[in-house]
Amino acid sequence: MSYKAPVKDMLFAIEHLARIDRVAQIPGFEDAGLDTAQAVLEECARFNEEVVAPLNVPGDLHPSTWKDGTVTTTPGFKDAFKQYVEGGWQGLQHPVDAGGQGLPKTIGAACVEMLNSANMSFALCPLLTDGAIEALLTAGSDALKNTYLEKLVSGQWTGTMNLTEPQAGSDLALVRTRADKEADGSYKLFGTKIFITYGEHDMAENIVHLVLARVAGAPEGVKGISLFVCPKFLVNGDGSLGARNDVHCVSIEHKLGIKASPTCVLQYGDNGGAVGYLVGEENRGLEYMFIMMNAARYAVGMEGVAIAERAYQHAVAYAKERVQSRPVDGSVAGSATIIHHPDIRRMLMSMRAYTEACRAMALTGAASFDAAHQHPDAEVRKVNQAFYEFLVPLIKGYSTEMSQEVTSLGVQVHGGMGFIEETGAAQYYRDSKILTIYEGTTAIQANDLVGRKTARDGGQVAKGIASQIEATEKALIASGTEGARSLAINLEKARKAFLDVVDFVVSTSKSAPNDVFAGSVPYVMLAGNLVAGWQMGRALLAAQELLTAGSGDKAFLEAKVTTARFYGEHILVKTSALRDEILHGGASVMALPLDSF
């Protein structure tokens, strides 16, 4: 089934929720208003629909292959990546002085969604390169920037993140890759890294690995980790490529999904040591790596939205074609297409509502990122940074868990045919599973939300967000429509459930940490549900105003109102049960003796 980018919905969210008009008032973004957003999104849609999306199924059927240290990507990937680079897409959000286009994240995030909807395996290569760029921009020396930045931004070279080792999964305190300092100031790296996305491939002439390692004598634990640039090919003084570095791909993984993306085991230093260059200062590597991680976590949240959108489109197309059974209301005399049946409609509406709500939340978050980094007013930057940081674990955690539910529903809409690979529905389900795992599992996002984003400040940011939600509730009631009133009632219940949990986390995280962290993932799901529902409330208000004014696409706006109401009545209502689980369920999580498992 072909992919059609949801440009209209993206532009609606960018205009009315992310408020691109305000973003365009920020110095440096003056030319990045709605007209620019529309032009960029339409061209991005064309490229992804025509070039990238047709490679999605072939990538699943004919994954990347490894032989004698060399990885060959799916046929067609190399040419598509060449077109991606030539189109300037890698540098879309990166600084002009580094060769990028300098567009705001508010626009770039929508393009990230389209690329991932078209082909998630393909999109992972640019995603990791973006993270490497961010780390170098923040902590790289002038020499490193001059050597690597422009070619990463152009896409001529690609980047990777090297964190995980066989003995160290998410616990980076256990990292053992060694870095020996040389007389010339460089380092020699020795060790093994696993789960390295696009750690080896044939789409770019060089691969720039960002690697966590320990310098001799460094403190134990995370305080002793440093970050290094380690290129596949060393770079000569004139910028040309030199000798092959001592880093090699010794195997790639065979996976449940995203099969076309090579997940590599990289070996450093088998032949004397891989040459690496320190990023920033020794023993601050984790701090710098988290710059990449936060960029990647947001992007993975967009992957959740992207795969959900693709699964929804696939399911709708099937439901409009598959004929089976008479409608229960007798509206069709004989057998009808299954989209006439109430439960199919419930599933499709759930898929649609989840996807639109998470897209709205993510794009609103992107606008806060732009203000946090570029706004001239320090207080505005501070407020937006706090808001964005609170949203990241929700965008990553809730949106990816959502994608599991949506892609599962996509299989269910297909019935038995959804279990058959030929229909294509199963690929989205398989591909989506990794999203709740890589770049920090949902539990890691939840720990972040509990510890750093709620308990640390006594719930101040969380309660500030709740106050904004309450204002939206009042506006919904004041608008006077039945749909708005219904959503307001459910939004209020969800907000109060959220506040109950915030108070519980703040008051109990030190005295009974197991009780709090036993409910940490449900807290992510509650908070994400609420914030996404809030954005649907704002969307409903904007759609109603446009309908009243007689402007815009009437059918689209009416569908937005209906979808927002559905979100309140079918999805927001889950928050009360989550609150009860968090407040009263902690003891039973830890009650069973270890010997009973």
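Higher on the page you've got the structure.
Below, the structure is looked at part by part.

### Thoughts on the overall build of the protein chain
For step 1, the next point in the chain: A tally of regular secondary structure across the protein chain gives 20 helices and twelve strands.
For step 2, the next point in the chain: Over its C-alpha atoms the protein chain spans a radius of gyration of 24 Å, differing by no more than 12% from the 25 Å that the globule rule assigns to 597 residues.
For step 3, the next point in the chain: Classification of the 597 residues of the protein chain by burial places 57% in the buried group.
For step 4, the next point in the chain: A sequence separation of at least 24 residues applies to 74% of the contacts in the protein chain between residues at least 6 apart.

### Considering the pattern of salt bridges
For step 1, the next point in the chain: A complete count under the given rule lists 31 salt bridges for this structure.
For step 2, the next point in the chain: Across the salt bridge formed by Lys453 and Asp448, the nearest N and O atoms sit 2.7 Å from each other. As far as burial versus exposure is concerned, Lys453 and Asp448 are alike and both buried.
For step 3, the next point in the chain: Put simply, Asp9, Glu113, Glu309, Arg352, Glu356, Arg359 and Lys560 are held in one network by salt bridges that share partners.

### Things to note about the packing of aromatic side chains
For step 1, the next point in the chain: In this structure the tally under the stated criterion is 16 aromatic pairs.
For step 2, the next point in the chain: Members of the aromatic cluster, joined through ring pairs, are Phe47, Phe77, Phe81, Tyr84, Trp89 and Phe122.
For step 3, the next point in the chain: Above the ring of Phe369, the side-chain terminus of Lys105 is found at 4.6 Å from the ring centroid.

### Digging into helix 13 (residues 442–455)
For step 1, the next point in the chain: When the terminal C-alpha atoms of helix 13 are compared, their 18 Å separation across 14 residues agrees well with the 20 Å that a helix rising 1.5 Å per residue should span.
For step 2, the next point in the chain: Approximately 30° is the largest bend angle found in helix 13, and it occurs at Leu449.
For step 3, the next point in the chain: Buried within helix 13 we find Thr442, Gln445, Ala446, Asp448, Leu449, Val450, Lys453 and Thr454.
For step 4, the next point in the chain: Where helix 13 is buried, its residues meet helix 9 (285–321), helix 11 (378–414), helix 15 (482–508), helix 16 (513–517) and helix 17 (520–549).

### Side note on the side chain of Ser261
For step 1, the next point in the chain: As for its placement among the helices and strands, Ser261 is situated in the loop between strand 10 (247–252) and strand 11 (263–268).
For step 2, the next point in the chain: Judged by relative accessible area, Ser261 falls into the buried class, the value being 1%.
For step 3, the next point in the chain: Apart from residues no more than four positions distant in its own chain, Ser261 is found in contact with Ser121, Leu124, Thr197, Tyr198 and Lys255.

### Let's talk about helix 1 (residues 7–16)
For step 1, the next point in the chain: Counting buried positions along helix 1 gives seven out of ten residues, so the element sits mostly inside the fold.
For step 2, the next point in the chain: Val7, Asp9, Met10, Leu11, Phe12, Ala13 and Ile14 are the residues of helix 1 that are buried.
For step 3, the next point in the chain: Packing partners of the buried residues in helix 1 comprise helix 2 (20–23), helix 3 (34–52), helix 6 (105–118), helix 10 (342–374), helix 17 and helix 18 (554–570).

### A short note on the environment of Pro27
For step 1, the next point in the chain: Inspection of the secondary structure assignment puts Pro27 in the loop between helix 2 and helix 3.
For step 2, the next point in the chain: The spacing of Pro27 and Gln427 is 400 residues in sequence and 43 Å in space, taken between C-alpha atoms.
For step 3, the next point in the chain: If sequence neighbours within four positions are ignored, Pro27 has contacts with Gln374 and Pro376.

### Considering the pairing of strand 4 (residues 178–181)
For step 1, the next point in the chain: The pairing of strand 4 with strand 5 (residues 187–197) spans four bridges and is antiparallel. Note on strand 5: the bridge partner recorded for Ala179 is Leu189.
For step 2, the next point in the chain: The hairpin turn running from strand 4 into strand 5, its antiparallel successor, is five residues long, and Gly185 in that turn takes a positive phi close to 95°.
For step 3, the next point in the chain: The pairing of strand 4 with strand 6 (residues 206–215) spans two bridges and is classified as parallel. Across the sheet, Ala179 pairs through a bridge with Val215, a residue of strand 6.

### Thoughts on the packing of helix 11 against helix 14 (residues 460–479)
For step 1, the next point in the chain: The N-to-C vectors of helix 11 and helix 14 enclose an angle of 95°; their axes lie 10 Å apart at closest approach. Taken as axis vectors, helix 11 and helix 14 run roughly perpendicular relative to one another. Residue-level inspection shows Ala386, Phe387 and Phe390 of helix 11 in contact with helix 14, the latter providing Val461, Ala462 and Ile465.
For step 2, the next point in the chain: In terms of residue class, the contact of helix 11 with helix 14 is built from six nonpolar, no polar and no charged.

### A look at the pairing of strand 5
For step 1, the next point in the chain: Burial runs high along strand 5: eight of the eleven residues are buried.
For step 2, the next point in the chain: By the bridge criterion, three bridges tie strand 5 to strand 12 (residues 274–278) in an arrangement that is antiparallel. Across the sheet, Lys188 pairs through a bridge with Val275, a residue of strand 12.
For step 3, the next point in the chain: The sheet contact formed by strand 5 and strand 11 spans five bridges and is antiparallel. Counted as the bridge partner of Lys193 is Leu266 from strand 11.

### Quick word on the state of the cysteines
For step 1, the next point in the chain: This structure, assessed with the given rule, holds zero disulfides.
For step 2, the next point in the chain: Looking at Cys44, it has no disulfide partner, and the nearest cysteine sulfur is the one in Cys111, 3.7 Å off.
For step 3, the next point in the chain: Look at Cys44 and you get buried, because its relative accessible area is 2%.
For step 4, the next point in the chain: Between Cys125, a cysteine without a disulfide, and Cys264, which holds the nearest cysteine sulfur, the sulfur-to-sulfur distance is 10 Å.

### A few points about the environment of Asn236
For step 1, the next point in the chain: In this fold, Asn236 is placed in the loop between strand 8 (233–235) and strand 9 (241–244).
For step 2, the next point in the chain: Considering only alpha carbons, one finds Asn236 and Thr147, 89 residues apart in sequence, at a separation of 9.1 Å.
For step 3, the next point in the chain: Every residue in contact with Asn236, bar those within four places of it in the chain, is listed here: Leu241 and Gly242.
For step 4, the next point in the chain: Engagement of the side chain of Asn236 in a polar contact is seen with the backbone oxygen of Leu241, the distance being 3.3 Å.

### Points about unusual backbone geometry
For step 1, the next point in the chain: Not every positive phi belongs to a glycine, and Asp68 is a case in point at roughly 55°.
For step 2, the next point in the chain: One can find Asp68 in the loop between strand 1 (65–67) and strand 2 (70–72).
For step 3, the next point in the chain: Residue class for Asp68 comes out exposed when judged on its relative accessible area of 68%.
For step 4, the next point in the chain: Non-glycine residue Tyr198 carries a positive phi angle of around 55°.
For step 5, the next point in the chain: Mapped onto the elements, Tyr198 comes out in the loop between strand 5 and strand 6.

### Topic: the environment of Leu449
For step 1, the next point in the chain: Its place among the elements puts Leu449 in helix 13.
For step 2, the next point in the chain: The sequence separation of Leu449 and Gly397 amounts to 52 residues, and the corresponding C-alpha distance is 9.9 Å.
For step 3, the next point in the chain: Leu449 has contacts with Phe390, Pro393, Leu394, Thr454, Tyr523, Val524 and Ala527, leaving out every residue within four places of it along the chain.

### Overview of the nonpolar core
For step 1, the next point in the chain: Ranked by size, the top nonpolar core spans 172 residues in total, and within it Leu41, Phe498 and Tyr523 carry the most contacts.
For step 2, the next point in the chain: Listed in part, the 18 residues of the second largest apolar core include Ala179, Phe228, Cys230 and Leu266.

### What to know about the packing of helix 6 against helix 9
For step 1, the next point in the chain: Two elements in contact, helix 6 and helix 9, have axes separated by 8 Å at closest approach and are oriented at 50°. In terms of axis orientation, helix 6 runs oblique to helix 9. Handedness of the crossing formed by helix 6 with helix 9: right-handed. Across from Lys105, Ala109, Val112, Glu113, Asn116, Ser117 and Ala118 in helix 6, the residues of helix 9 making contact are Tyr298, Met302, Glu303, Val305, Ala306, Ile307, Glu309 and Arg310.
For step 2, the next point in the chain: Of the residues belonging to the contact of helix 6 with helix 9, the class tally is eight nonpolar, two polar and five charged.

About the thresholds
Residues numbered from 1 in each chain as written. Predicted model: local features only at pLDDT ≥ 70, side-chain atom pairs only at ≥ 80, totals over all residues. Heavy atoms only, no water. Helix = DSSP H or I, 4+ residues; strand = E, 2+ residues; numbered from the N terminus. Rg over C-alpha atoms; globule rule 2.2 N^0.38 Å. Buried < 20%, exposed > 50% of the residue type's maximum accessible area, 1.4 Å probe, protein only. Contact = heavy atoms within 4.5 Å. Salt bridge = Lys/Arg side-chain N within 4 Å of Asp/Glu carboxyl O. Phe/Tyr/Trp six-rings, centres within 6.5 Å; stacked < 30°, edge-to-face > 60°. Lys NZ or Arg CZ within 6 Å of the ring centre and 35° of its normal. Expected span 1.5 Å × (residues − 1). Bend = angle between axes of the 7 residues up to and from the residue. Pairing = 2+ DSSP bridges. Axes fitted to C-alpha atoms, helices over the stretch in contact; angles between N-to-C directions. Parallel < 35°, antiparallel > 145°, perpendicular 65-115°, else oblique. Nonpolar A, V, L, I, M, F, W, Y, C, P; charged D, E, K, R; others polar. Disulfide = S-S within 2.5 Å. Polar contact = N/O pair within 3.5 Å; in protein donor to acceptor, adjacent residues only side chain to side chain. Core = buried A, V, L, I, M, F, W, Y, C linked by side-chain atoms within 4.5 Å. Left-handed = near helix turned anticlockwise from the far one by under 90°.

Such coordinate-based values are descriptive only and should not be taken to indicate function.
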